[in-house]
Amino acid sequence: MKIRLLATGFFVVINCCFAAIASAEKTLTDQCQQLVWQDEFNGASLNLKNWDIMLADGCSYGICGWGNQELQYYTAKNFQVADGLLTITAKKESVKNKQYTSARLRTANMPGSGEWTFGRFEARIKIPEGDGIWPAFWMLPTDPDVQWPASGEIDIMEATGQATRIAFGTIHYGDSPETSRFTNQHVLSQPQKWSDDFHTYALEWEPNELRWYVDDYIYAVKRPKDLGNEKWWTFDKYPYHILLNLAVGGILGGAVDDKVFPVHMLVDYVRVYNKGGAAIKGPHIVASGEKARYQVIGENGEKSEYRWQVPNGAKLVGAGNHVEVDFGVAKQGDISVQVKNSCGQHQLKVPVFIEPDHPVETMLDDFDKQRELEIVYHTGQIKIKRGNLHYTRKADAQWDLIVGNTKAIPDVAPMLSGEKAFVMKLKNTNPDLIGKPILIQLEDSTVSTPNNYPRGRHSKFEAHIQHADGWQTLRFRLADRKDALTRDTSINSIVILIDPGEKAGDTYIIDSIAVLGDGARAK
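As the structure is a computational prediction, the values presented were derived from the model and not from experiment.

Asks: Looking at this structure, how should I read the overall build of the chain?
Replies: Each helix and strand in the chain was counted, giving 4 helices and 37 strands. A compact globule built from 523 residues should have a C-alpha radius of gyration of about 24 Å, and the chain, at 27 Å, falls within 12% of that. C-alpha atoms of the chain, sized along the principal axes, occupy 110 × 65 × 45 Å. With 523 residues in all, the chain has 50% of them scored as buried. Across the chain, contacts joining residues at least 24 apart in sequence account for 70% of those joining residues at least 6 apart. Summed over all atoms, the accessible surface of the chain reaches about 24,800 Å², with 49% contributed by carbon and sulfur. Of the charged side chains in the chain, 58 are positive and 65 negative; the average position of the first set lies 2 Å away from that of the second.

Structure (structure tokens):
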């Protein structure tokens, strides 16, 4: 009996140990990111258990023009799987009443894929370039009990072929199609375009939070409070499926250049994970000599170790999860970090564009002696005092404008790539104005009229008021490329929008508006 009791006790101890080990392994597994679905497109044809092929012009789905006035007819002939890639091709060819063809795929109700609520959704994609082209990687709820947009829509990545330096992450919501709303953020690529190479576009979705990424960089976060009315946050109520498509024209795609066809959207893979993963938070475009903070966020696991690397000419300050980088004399390079912990080892990298430290190449207007900008219209009140422009917005004007004619911008192309830039010297002592946006819109006034937007509107550049300590120089960055038909060399008008979209009667003091550039090279 005694021996038997000891033996029984021994096995009890061993079983407890095994249970503890199994529990520890399960806890570790739960901590780490797990792949739950994927399509690597490694076969010779599309996996029809994963993807539903959507066809025609949208009318059979109750949304003629696919709800966006799109110009293409979707067919089963406009995609192929080969060499490890899904290729979606848009062509100039007539089918039915449409002049273009393309393809659209989704995972809805498919036995090999389907729908998900929460997780990480990513695809490695090379987007096409060409005026009027509209690639998208996005999500819709499957069989919701309410109509769009009350059911929600999540756009993980969309872009236009004329503005492939900009990619958008967007959500749609609202009470009805007639009163639909959206909010989005864009991520800018300079000097290269997103269309120059493959990039990984991703969404991480948790209850009451959506986060957008490109490669290892987080660029947007949305929560219910960002919608204006939290009841519009219905995303967490439904399982969502994935869509891949290449549209032509439409509300976002804009005017189409038939010379670009055929164009191709290349997809290396689509993957779904149970949760998010590590990424780098911090700026991917910085001024020369700037100091910037970087942080590893979203990591899984325990006992993390970090090894950071910075561009030549930059200095790393600090260690661990948070660091500061003094870019000093650095020209270009990557911010990268190796993260090693209980979930394994991850290498994260963010290419950083360091804006050239150019002098003033062209003074557009110093409101004194150099006046290359002839102001021909303004919504608010203008006073010029001692070489400064004092401008007071019209309080009830949501889109307050200052319009000026100029012959001093012969080519906008270097501004799109960030090699040149607009700057504005502005004085602010009002803390309430910190963060307020100012837009510079370039136009061809021979085309644009008050009623034909976006015709004639070439591009927009954006800056934000930095502080309330007095004078500051705002540097503008590309925010949008609107009308593809407006050429880089046809700009003769500048529209300045101060705090666009808001109604306020604030006064702004501006000293000068100029273009930074390498004047010697330009000549």
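There is more to say after this.
Asks: Looking at this structure, how should I read the packing of aromatic side chains?
Replies: Any two aromatic rings considered together are summarised by their centre-to-centre distance and by the angle between their planes. One pass over the full model with this rule turns up 14 aromatic pairs. A ring pair is formed by Phe121 and Trp205, whose centres lie 6.2 Å apart and whose planes are at 45°; its orientation type is tilted. One end of the pair, Phe121, is in strand E8 (residues 119–126); the other, Trp205, is in strand E13 (residues 199–206), and 84 residues separate them in sequence. Among the residues examined, Phe121 registers a relative accessible area of 0% and is labelled buried. Taken together, the aromatic side chains of Trp37, Phe41, Trp51, Trp116, Phe118, Phe121, Trp205 and Tyr240 make up a single cluster linked through ring pairs. The ring of Tyr213 carries the charged tip of Arg120 above its face, separated from the ring centre by 5.4 Å.

Asks: Is there a simple way to explain the state of the cysteines in this structure?
Replies: Working definition: the covalent bond between the sulfur atoms of two cysteines is a disulfide. Considering all chains together, one arrives at 2 disulfides under this definition. Residue pairing for Cys32: its cysteine sulfur links by disulfide to Cys343, the two sulfurs lying 2.0 Å apart. On the sign convention where negative is left-handed, the bridge of Cys32 and Cys343, at about -90° about the S-S bond, is left-handed. With a gap of 311 residues between them, Cys32 in the loop between helix H1 (2–31) and strand E1 (35–39) and Cys343 in the loop between strand E24 (332–341) and strand E25 (344–355) connect regions that are remote in the sequence. In this structure Cys32 comes out as buried when scored by relative accessible area, which is 9%.

Asks: Just to check I follow, could you spell out the pattern of salt bridges for this structure?
Replies: If charged atoms from side chains of opposite charge come close, those side chains can pair. Inspection of the entire model under this criterion finds 22 salt bridges. Arg120 is the partner of Glu122 in a salt bridge, and the nearest nitrogen-oxygen pair spans 2.7 Å. Arg120 matches Glu122 in its accessibility class, with the two residues each being buried. Where Glu209 meets Arg223, a salt bridge forms, and the shortest distance between an N and an O atom there is 2.8 Å.

Asks: I would appreciate a short explanation of unusual backbone geometry in the present structure.
Replies: Glycine aside, residues mostly have negative phi, and peptide bonds are mostly found in the trans state. Across the junction of Gln190 and Pro191, the peptide omega takes the value -5°, indicating a cis bond. For Pro191, the location among the structural elements is in the loop between strand E12 (181–188) and E13. Of note, the phi angle at Asp83 is positive, near 55°, even though the residue is not glycine. Position of Asp83 relative to the elements: it lies in the loop between strand E4 (79–82) and strand E5 (85–95). Overall, the relative accessible area of 80% leaves Asp83 in the exposed class. Positive phi, normally seen in glycine, also occurs at Lys303, with a value near 55°. As for its placement among the helices and strands, Lys303 is situated in the loop between strand E20 (291–297) and strand E21 (305–309). The exposure class assigned to Lys303 is exposed, which follows from its relative accessible area of 77%.

Rules used in this analysis
Residues numbered from 1 in each chain as written. Predicted model: local features only at pLDDT ≥ 70, side-chain atom pairs only at ≥ 80, totals over all residues. Heavy atoms only, no water. Helix = DSSP H or I, 4+ residues; strand = E, 2+ residues; numbered from the N terminus. Rg over C-alpha atoms; globule rule 2.2 N^0.38 Å. Buried < 20%, exposed > 50% of the residue type's maximum accessible area, 1.4 Å probe, protein only. Contact = heavy atoms within 4.5 Å. Areas by Shrake-Rupley, 256 points an atom, 1.4 Å probe, with all protein chains shown as cover. Lys, Arg positive; Asp, Glu negative; His and termini not counted. Charge placed at Lys NZ, Arg CZ, Asp CG, Glu CD. Phe/Tyr/Trp six-rings, centres within 6.5 Å; stacked < 30°, edge-to-face > 60°. Lys NZ or Arg CZ within 6 Å of the ring centre and 35° of its normal. Disulfide = S-S within 2.5 Å. Salt bridge = Lys/Arg side-chain N within 4 Å of Asp/Glu carboxyl O.

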